[in-house]
Amino acid sequence: MVTSPVVNTYPLSSYTFGTKEPKMEKDTSVADRLARMKVNYMKEGMRTSVEAILLVQEHNHPHILLLQIGNTFCKLPGGRLKPWRKCKLAANSPSLQPNWQIGECVATWWRPNFETIMYPYCPPHITKPKECKKLYVIHLSEREYFAVPKNLKLLAVPLFELYDNVQRYGPVISTIPQQLSRFQFNMIHT
């Protein structure tokens, strides 16, 4: 019998949250972002980005930590990997080193063109995709400190709210519950 990988989830109340300087968006619109992506692609090639799936629990149910921009747009923590840099999910301050571990890659999404649509596969006729985005489960320890930019809000969203909710969360975030279905959640109460 094959056993499912286990993810320990701790209560949201066991984490500490603070603020840090605002993280300003480089673009004022989606069109501006795609135009900047095209310029960067011409200089550096395909964009590679990573996003973190941070799991906590509330009411004995897994929740994902999302960053909310304004009142409607949500995103996973993460960002672009420059071609010359290694993957790094860590605190900016040496005094606040996190005690988490990067776990399994649960999804890879592809952007075939300079458009908003992404696919969970690279279409066979695309030989030069414009972006590759990978989502990783992050194994959190029992206690962590999260510093959230002042212009963003951190939300703990239950899996049942994300499930099949493309209208609110988009195709990448709304499929996370399916991607996590192979994991067993160990709800640890402190």
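Refer to the preceding data block for the structure.
Here's what I pulled together on the structure shown here. All values derive from a computational prediction rather than experimental measurement.

Criteria and thresholds
Residues numbered from 1 in each chain as written. Predicted model: local features only at pLDDT ≥ 70, side-chain atom pairs only at ≥ 80, totals over all residues. Heavy atoms only, no water. Phe/Tyr/Trp six-rings, centres within 6.5 Å; stacked < 30°, edge-to-face > 60°. Helix = DSSP H or I, 4+ residues; strand = E, 2+ residues; numbered from the N terminus. Buried < 20%, exposed > 50% of the residue type's maximum accessible area, 1.4 Å probe, protein only. 1 Å grid on protein atoms, 1.4 Å probe; cavity = no way out; pocket = protein on both sides within 12 Å on 5 of 7 lines; lining within 4 Å. Points joined across faces, edges and corners; volume = space filled by probe spheres on them. Nonpolar A, V, L, I, M, F, W, Y, C, P; charged D, E, K, R; others polar.

### Overview of the packing of aromatic side chains
No. 1: With the rule as written, the count across this model stands at five aromatic pairs.
No. 2: For the ring pair phenylalanine 17 and phenylalanine 146, a centre distance of 5.6 Å and an interplane angle of 15° mean the geometry is stacked. In this pair, phenylalanine 17 is assigned in strand β2 (residues 16–20) and phenylalanine 146 in strand β9 (residues 145–149), connecting sequence segments 129 residues apart.
No. 3: Judged by its relative accessible area of 8%, phenylalanine 146 is buried.
No. 4: With a centroid separation of 5.5 Å and 75° between ring planes, the pair formed by tyrosine 41 and phenylalanine 114 is classed as edge-to-face. Placement of the pair is tyrosine 41 in helix α1 (residues 30–44) and phenylalanine 114 in the loop between β7 (101–111) and β8 (131–139), with a sequence separation of 73 residues.
No. 5: Chaining the aromatic ring pairs together yields one cluster made of Tyr15, Phe17, Trp100 and Phe146.

### A short note on empty space enclosed by the protein
No. 1: Here the structure, examined in full by the defined rule, presents two cavities of 30 Å³ or more.
No. 2: For the largest cavity, the calculated volume is near 40 Å³.
No. 3: Lining the largest cavity are Arg33, Arg36, Met37, Asn40 and Arg47.
No. 4: With four residues, α1 is the largest single contributor of residues to the lining of the largest cavity.
No. 5: Here the second largest cavity defines a volume of roughly 30 Å³.
No. 6: Along its surface, the second largest cavity is lined by Met37, Asn40, Tyr41, Gly45, Arg47 and Arg80.
No. 7: Of all the elements, α1 adds the most residues to the lining of the second largest cavity, at three residues.
No. 8: Its residues assigned to classes, the lining of the second largest cavity shows two nonpolar, two polar and two charged.

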